[in-house]
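One letter stands for each residue in the lines below.
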Amino acid sequence: MIHFSRQSLAQELVAALKGQTVFGDAHNGLFLAAPRRTGKSTFLQADLKPALEAAGAVVAYVDLWADPRRDPGALIADAIARALAPRLGVVSRAAKAAGLDSVTIAGALKIDVSKIGRMDGVTLPDALRALHEAARAPVALIVDEAQHALTSEAGEATMSALKSARDQLNRPGEVNLMLVMSGSDRDKLLRLVNTNGAPFYGSQISRMPSLGRDFIDHVSRLITAQRPDLAPVDAALLLQAFDSFGHRPQFFMEALGQALSPLSGLQGVRFEQAVLQAAKERQDADEAQMESEYLALRPLEQAVLWRLLAQGSRFRPYDGEALRFYRDQVTGRVTPQMVQRALESLRERNPALVWKSARGEYAVDDAAMHRWYEQRAREERWPPVDPQGPLAMYDDEATAPDDKNAA
Ligand SMILES: Nc1ncnc2c1ncn2[C@@H]1O[C@H](COP(=O)(O)OP(=O)(O)O)[C@@H](O)[C@H]1O
Ligand SMILES: [Mg+2]
């Protein structure tokens, strides 16, 4: 496995987080969005975290997708406790040995010894302050897949607690708490910043740049070094293949590995062409996957998902227009309760197709589905039609056969 290090991007972000750039408000929180599997977590852990540490910060990293069933507040508290532990270990062991139930850090903050490692959302600002004072350094908290916090009330409370910690710890010209939030879906991340009651109202979401030409040049140099017989490498073609792979390094590297393998069986075809071909096949496979998932849904689920894809953030599941839309797609009765059940079952699928926030806002779970929908709609190939016709299998809600889909 190769890792392409993105140090200059990391340096830029560190400067912005420290408030050293004249414009921008990253010191109030840096929000980064980029599609799944494009290298966010890798960048945050392998590039940004060390760069922040080199700049003197103590860093806690947490991925809210690592365990989606656990309360985001608890996951974040764990990450802080992990960063705090090596600094408090000695202090708290000494306190326990002396029979004390709390320790005082930096002469100011009292912490209940028994609670270290089991902090809840309410004590997050205290925990962050403790970490800051124990380390005598600015604290950086990196929350990966932060939008996941919005799916529960506990998670929302955690986000508000982080904001209040930021306001308590930071002063003009002095940044003691740096917050980095990343997400795979800009629209969901937006909900942290774009409504009046949102925890980070007013902040901007930046698109995290995807890997690109630099990465491909790096890979090309490695190929030339290992296989001089293949020089010169057609980097432009490789870049085109990488674009077609949706800038997802893992798929690209797999295809490259196969094309370069002595067992590839390529004859008279350059490996760059083979990688490009693999990228096209991957695109087709991704679309076929979404199509078969869609076709496997019940008619009302299809109609609800269709409406959500078409409406995006304007989606209102139960308004009159939406109900009329469902009724046009599905023969038979459609009640708001039935729509609600359809939404629930779209959320409960594995992988989930629909995402719901604690405030009852909906979104498709994977933003890639929007691109798929839009492209098909443009080409007038929407909705997908099952070549075998509708399945003669209805659920007990007696969803009648769907005439439209049969046509
Ligand atoms: N800078 C990089 N260099 C090489 N491979 C990378 C790099 N960043 C990501 N990858 C590969 O891409 C895969 C997905 O990256 P990841 O960071 O998990 O993406 P995300 O968090 O955006 O979903 C990883 O398994 C890794 O192998
Ligand atoms: Mg990730």
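Each chain has its residues counted from 1, running along the sequence as written. Going through the entries in the order they are written, you letter the chains from A and number the ligands from 1. Local features in this predicted model are restricted to residues whose pLDDT is 70 or higher, and side-chain atom pairs enter the listing and the counts only when it is 80 or higher, whereas totals over whole chains, interfaces and linings include all residues. Heavy atoms from the whole structure form the basis of all side-chain values; hydrogens and water molecules are not counted.

Draft legend 1. The sheet that holds strand β6 (residues 177-183), seen in detail. Here a strand pair is declared whenever DSSP counts at least two bridges between the two strands. Numbering of helices and strands runs from the N terminus, with a helix taken as a DSSP run of H or I at least four residues long and a strand as a DSSP run of E at least two residues long. With parallel pairing, the five strands of this open sheet are ordered in space as β2-β5-β6-β1-β7. Every interior strand has two partners, whereas the edge strands, β2 (58-63) and β7 (205-207), have only one. Going across the sheet, the axis of each strand differs from the next one's by a mean of 20 degrees, ignoring polarity. The pairing of strand β5 (residues 139-144) with β6 spans five bridges and is classified as parallel. Fitted lines through C-alpha atoms serve as axes, helices being fitted only where they are in contact, and the angles separating the N-to-C directions of these axes extend from 0 to 180 degrees.

Draft legend 2. Quick look at the packing of aromatic side chains. Two rings from Phe, Tyr or Trp (for Trp, the six-membered ring) form a pair when their centres sit within 6.5 Å of each other. Planes less than 30 degrees apart are called stacked, planes more than 60 degrees apart edge-to-face, and all others tilted. If you walk through the whole model with that rule in mind, you get 14 aromatic pairs. Plain terms: the ring middles of F242 and F252 are 5.3 Å apart, the flat faces sit at 75 degrees to each other, and that makes the pair edge-to-face. With F242 in helix α8 (residues 235-244) and F252 in helix α9 (residues 249-260), the pair connects residues that are 10 residues apart, well separated along the chain. The same class applies to F242 as to F252, namely buried. Residue burial is assigned from relative accessible area. The probe radius is 1.4 Å, only protein chains are included, and a residue is buried under 20% of its type maximum, exposed over 50%, and partly exposed in between.

Draft legend 3. Highlighting the site of ligand 1. What surrounds ligand 1 is a group of 14 residues, the closest being F4, R37, K40, S41 and T42. Between ligand 1 and the protein, one listed contact pairs an oxygen atom with a side-chain N or O atom of T42 at 2.5 Å. The method behind every accessible area is Shrake-Rupley, applied with a 1.4 Å probe, and residues are considered shielded solely by the protein chains displayed. Contact with the protein chains covers 81% of the free accessible surface of ligand 1, which is 560 Å². For the shell around ligand 1, the secondary structure elements donating two or more residues are α2 (40-54) and α9. The element best represented in the shell around ligand 1 is α2, accounting for three residues. A per-class count over the shell around ligand 1 returns five nonpolar, six polar and three charged. We define proximity as follows: a residue is near a molecule or strand when any one of its heavy atoms falls within 4 Å of that partner. Pairs of N or O atoms are called polar contacts if they sit within 3.5 Å, as long as, within protein, a hydrogen donor faces a hydrogen acceptor (for residues adjacent in sequence, only side-chain-to-side-chain pairs). Put simply, Ala, Val, Leu, Ile, Met, Phe, Trp, Tyr, Cys and Pro go in the nonpolar bin, Asp, Glu, Lys and Arg in the charged bin, and everything else, Gly too, in the polar bin.

Draft legend 4. Seen up close, the layout of surface pockets. Here the term cavity refers to a set of points on a 1 Å grid, laid over the protein atoms alone, in which a 1.4 Å probe fits but cannot get out; the term pocket refers to an open set having protein on both sides within 12 Å along at least five of seven lines, with lining residues being those that place an atom within 4 Å of a point. Grid points are joined across faces, edges and corners, and a volume is the space filled by probe spheres set on the points. One number sums up the size of the largest pocket: a volume of about 1400 Å³. Lining of the largest pocket is provided by 46 residues; of these, D366, A367, A368, M369 and R371 occupy positions nearest its centre. For the lining of the largest pocket, the secondary structure elements donating two or more residues are α6 (186-190), α8, α10 (271-295), β9 (362-364) and α14 (368-378). Looking at which element gives the most residues to the lining of the largest pocket, the answer is α14, with eight residues. Looking at the lining of the largest pocket residue by residue, the class counts come to 17 nonpolar, 11 polar and 18 charged. Estimates place the volume of the second largest pocket at around 430 Å³. Lining the second largest pocket are 24 residues, and of these R37, T38, G39, T42 and P249 sit closest to its centre. For the lining of the second largest pocket, the secondary structure elements donating two or more residues are α2 and α9. Among the elements that make up the lining of the second largest pocket, the one with the highest residue count is α2 (five residues). Of the residues assigned to the lining of the second largest pocket, the class counts are nine nonpolar, seven polar and eight charged.

Draft legend 5. Focus on the side chain of R376. Relative to the helices and strands, R376 is located in helix α14. In what follows, a contact means two residues having at least one pair of non-hydrogen atoms within 4.5 Å. Setting aside anything within four residues of it in sequence, one finds R376 in contact with E291, R381, W382 and P384.

Draft legend 6. Broad picture of helix α12 (residues 320-329). Burial in α12 covers these residues: A322, L323, F325, Y326 and Q329. Seen end-on, α12 carries its buried residues on one side only, within an arc spanning 155 degrees. Taken from the helix axis, the directions to the C-beta atoms give the arc we talk about.

Draft legend 7. Quick peek at the nonpolar core. By nonpolar core we mean a set of buried residues, namely Ala, Val, Leu, Ile, Met, Phe, Trp, Tyr and Cys, connected to one another through side-chain atoms within 4.5 Å. I76, V143, M159, L162, M181, L192 and F200 are the most contacted members of the largest nonpolar core, which has 40 residues in total. Broken down by element, this core gets its largest block of residues, seven residues, from helix α3 (residues 72-97). What I76 contacts, discounting residues up to four positions off in sequence, is V62, L64, L124, L141, V143, T158 and L162. If you look at the next biggest cluster of nonpolar residues, it comprises 31 residues, including Y294, L308, F325 and M369.

Draft legend 8. Broad picture of the pairing of β2. Of all the six residues making up β2, five are buried; the element is thus mostly covered by neighbouring parts of the structure. Where β2 meets β5, six bridges bridge the pair, whose relative direction is parallel. Across the sheet, D63 pairs through a bridge with D144, a residue of β5.

Draft legend 9. Molecular detail of the confidence of the model for the protein chain. Confidence of the predictor at the level of single residues is captured by pLDDT, which takes values from 0 to 100. Here the protein chain shows a mean pLDDT of 88. Residues at 70 or above account for 87%. Scored below 50 in pLDDT, residues 396-407 shows 17 contacts in the model against residues more than four places distant or in partner chains.

Draft legend 10. Examining unusual backbone geometry more closely. Omega for the peptide link from A231 to P232 comes to -5 degrees, which places this bond in the cis form. Mapped onto the fold, P232 is located in the loop between α7 (213-226) and α8. At E380, a residue that is not glycine, the phi angle is positive and equals roughly 55 degrees. Tracing the backbone through its elements, the reader meets E380 in the loop between α14 and α15 (403-406).

Draft legend 11. Representation of the environment of A274 within the structure. Mapped onto the fold, A274 is located in helix α10. In this structure the C-alpha to C-alpha distance between A274 and Q258, which are 16 residues apart in sequence, comes to 8.9 Å. Once residues within four sequence positions are removed from consideration, A274 is found in contact with A259, L266 and V269.

Draft legend 12. Geometry of empty space enclosed by the protein. Throughout the structure, instances matching the rule amount to one cavity of 30 Å³ or more. Around the largest cavity, the lining residues are L150, E156, R191, T195, P199, S357, R359 and E361. Across the lining of the largest cavity, the residue classes break down as two nonpolar, two polar and four charged. An automatic or database domain assignment supplies the start and end points of every domain. Mapping the lining of the largest cavity onto the domain boundaries places at least three of its residues in each of domain 1 (7-207) and domain 3 (296-406).

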